[in-house]
There are 2 protein chains.
Amino acid sequence: MSPTHTEVTAPAGAADPTGPAAPADLDPCGRVDHPDCGIRDVLDRIGDKWSVLVIVELAGGPRRFRELQRAVDGISQRMLTLTVRRLERDGLVLRTVYPTVPAQVDYRLTETGAGLTHLVKALADWSLEHRAVIAEARHTYDRAHTDHDIR
Amino acid sequence: MSPTHTEVTAPAGAADPTGPAAPADLDPCGRVDHPDCGIRDVLDRIGDKWSVLVIVELAGGPRRFRELQRAVDGISQRMLTLTVRRLERDGLVLRTVYPTVPAQVDYRLTETGAGLTHLVKALADWSLEHRAVIAEARHTYDRAHTDHDIR
DNA sequence: CAGCATCCGCTAGGATACTG
DNA sequence: CAGTATCCTAGCGGATGCTG
């Protein structure tokens, strides 16, 4: 009667097997700006607005589909589905399906995902700290360039 | 014969007044996931693939337009222009035009931009560290879902 | 509730050509 | 070199409707 994960079985309450493991010996290319190194892949996941919001929300603990949709609010369920699926695919989020009557699914961060959270939070904090400066810079810029917007 | 900045005059070598100041008293909303708080604005700047790459490249010191384009390589000059303009608008990058014969422009991070660099680097590092795990997760996922891709 | 499927507009972004 | 201007397409992402 254990809830069916999209993947392998695992009791929701206990461990998620995202454990240590981590061979990480595919391509020790150290260059940060090298397009082929896979940074882009991960960054692209950060890129789309929704992923970040979902991750931040999940940082507060497991959420069900509707909870997520209401929390992020502004996201369509289509985008939520896609976002959450991609995060699951990347192993950042664990999806658990409980075979109850009206169907119930919850999402939680894996350890990998939780690690990313810290960085995302740092980014969010930085944003908060500098939003005023940036807003000011934009106004100044826009005043100097009264013509076409760049946005 | 000081080079003309896009904005106000300021000797490139000396200060940019992004100093301490930082009133930051516009909207002390602390919520990280609140869409109206401006986090999104900054995050969106991180969002598009090019900004991050350009910032990382500029972290290595001032670069000229073509240098940037060659360094990032893969970016069209259209996108480079847009990216760099947006970064300038946000006060993250300083654009300096030298009125030489074949025209010469260089871009460098402002102090604000340099601050962001650390976070971006952290993100890039994280990406490198976890790319293997993520790639593995994707393969596993894809093997389990042989049908339509999510990508 | 938790989703997949479909239609569809919008724009991010590449390719190309021209200017100062 | 350092852009600007156009054209044009892939896909992101919203709205809506249907299943289990």
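What you see is a predicted model; the values in this text were computed from it and never measured.

### A short note on the protein's contact with DNA strand D
Around DNA strand D sit 20 residues, and of these R78 and M79 of chain A together with R66, R95 and Y107 of chain B come closest. In DNA strand D, atoms within 4 Å of the protein come from the sugar-phosphate backbone in 67% of cases. Contact between DNA strand D and Y107 of chain B: a phosphate oxygen at 2.4 Å from a side-chain N or O atom of the residue. Listing elements by their share of the surface near DNA strand D, those giving two or more residues are α4 (77-89) of chain A together with α3 (65-72), α4 (77-89) and β4 (104-109) of chain B. Here the surface near DNA strand D takes four residues from α4 of chain B, the largest share from any one element. Class assignment of the residues belonging to the surface near DNA strand D gives a composition of eight nonpolar, five polar and seven charged.

### Concerning the packing of α3 of chain B against α4 of chain B
Angle between the axes and distance between the axes are the two parameters that describe a pair of packed helices. All names here are of chain B. Interaxial distance between α3 and α4 falls to 10 Å at its minimum, and their mutual angle equals 115°. When the axis of α3 is compared with that of α4, the two are roughly perpendicular. Handedness of the α3/α4 crossing: right-handed. Counted together, F65, L68 and Q69 of α3 and Q77, L80, T81 and V84 of α4 form the full contact between these two elements. Residue classes in the contact of α3 with α4 are distributed as four nonpolar, three polar and no charged.

### Some details on helix α5 (residues 111-144) of chain A
Here α5 of chain A contains 34 residues, and its C-alpha end-to-end distance of 47 Å stays within 8% of the 50 Å for a straight helix at 1.5 Å per residue. Helix geometry: α5 of chain A is bent most strongly at H130 of chain A, by close to 55°.

### Overview of the protein's contact with DNA strand C
The environment of DNA strand C is made up of 19 residues, and the closest members are R66, R85, R95 and Y107 of chain A together with R78 of chain B. In DNA strand C, atoms within 4 Å of the protein come from the sugar-phosphate backbone in 67% of cases. At a separation of 3.0 Å, a phosphate oxygen of DNA strand C approaches a polar side-chain atom of R64 of chain A. One nitrogen or oxygen atom from the side chain of R78 of chain B is found 2.3 Å from a base nitrogen belonging to DNA strand C. Elements represented by at least two residues in the surface near DNA strand C include exactly α3 (65-72), α4 and β4 (104-109) of chain A together with α2 (49-58) and α4 of chain B. Counting residues per element, the surface near DNA strand C draws most heavily on α4 of chain A, at four residues. In the surface near DNA strand C, the residues fall into eight nonpolar, four polar and seven charged.

### Things to note about the packing of α5 of chain A against helix α1 (residues 39-47) of chain B
Packing of α5 of chain A against α1 of chain B brings their axes to within 8 Å, and their N-to-C directions diverge by 95°. When the axis of α5 of chain A is compared with that of α1 of chain B, the two are roughly perpendicular. Where α5 of chain A abuts α1 of chain B, its residues L123, A124, W126, S127, L128, I134 and R138 of chain A lie against I39, D41, V42, L43, R45 and I46 of chain B. Grouping the constituent residues of the contact of α5 of chain A with α1 of chain B by class yields nine nonpolar, one polar and three charged.

### Structural notes on the pattern of salt bridges
All chains considered together, the criterion is met by 13 salt bridges over all chains. Where R138 of chain B meets D90 of chain A, a salt bridge forms, and the shortest distance between an N and an O atom there is 2.6 Å. Placement of R138 of chain B in helix α5 (residues 111-144) and of D90 of chain A in the loop between α4 and β3 (93-98) is noted, with the two residues assigned to different chains. Of the two residues examined, R138 of chain B and D90 of chain A, each falls in the buried class. As a salt-bridge pair, D90 of chain B and R45 of chain B come within 2.9 Å of each other at their nearest N and O atoms.

### Side note on the confidence of the model for chain A
Residues and elements named next belong to chain A. When pLDDT is averaged across chain A, the result is 76; 71% of the residues are at 70 or more. Here residues 6-36 is modelled with pLDDT under 50, and outside its nearest four sequence neighbours on either side it reaches 45 contacts, counting other chains as well. With pLDDT under 50 throughout, residues 147-151 is counted as low confidence; its partners more than four residues away or in other chains account for seven contacts.

### Let's talk about the pairing of β4 of chain A
Residues and elements named next belong to chain A. β4 sits mainly inside the fold: five of its six residues count as buried. Pairing between strand β2 (residues 63-64) and β4: two bridges, direction antiparallel. What sits directly across from R63, in β4, is Y107. Pairing of β3 with β4 involves six bridges; the strand directions are antiparallel. Following the sheet pairing, Y98 is matched in β4 by Q104.

The rules behind the values
By convention here, each chain's residues receive numbers from 1 onward along its written sequence. For naming, the first written chain is A and the first written ligand is 1, with later ones following in the order written. Totals for whole chains, interfaces and linings use every residue, but because this is a predicted model, local features are given only for residues with pLDDT of at least 70 and side-chain atom pairs only at 80 or more, for both listing and counting. Computation of side-chain values covers all heavy atoms of the structure but excludes hydrogens and water. Near residues are defined by distance, with any heavy atom within 4 Å of the molecule or strand qualifying the residue. Under this definition, polar contacts are N or O atom pairs within 3.5 Å; protein pairs additionally need one hydrogen-donor-capable and one acceptor-capable atom, and for neighbouring residues in sequence, both atoms have to be side-chain atoms. To qualify as a helix, a DSSP run of H or I must reach at least 4 residues; to qualify as a strand, a run of E must reach at least 2; elements of each kind are numbered from the N terminus. Classes in brief: Ala, Val, Leu, Ile, Met, Phe, Trp, Tyr, Cys and Pro nonpolar; Asp, Glu, Lys and Arg charged; the others, Gly included, polar. The angle between two axes is taken between their N-to-C directions and runs from 0 to 180 degrees, where each axis is a line fitted to C-alpha atoms and a helix contributes only its stretch in contact. The labels follow the angle: roughly parallel below 35 degrees, roughly antiparallel above 145, roughly perpendicular from 65 to 115, and oblique for the rest. Two helices cross in a left-handed way if the nearer one is turned anticlockwise from the farther one by less than a right angle. They cross in a right-handed way if the turn is clockwise. Whether two residues are in contact is decided by their heavy atoms, any of which lying within 4.5 Å being enough. Here a helix's expected span is defined as the number of its residues, less one, multiplied by 1.5 Å. What is called the bend at a residue is the angle between a pair of axes, fitted to the seven residues leading up to and ending at it and to the seven starting from it. Any Lys or Arg side-chain nitrogen found within 4 Å of a carboxyl oxygen on Asp or Glu counts as a salt bridge. Any residue under 20% of the maximum accessible area for its type is buried, any over 50% is exposed, and the rest in between are partly exposed; the area is computed with a 1.4 Å probe on protein chains only. Every residue is assigned a pLDDT by the predictor, reflecting its confidence on a scale from 0 to 100. The rule for pairing is simple: two strands pair if DSSP sees at least two bridges between them.

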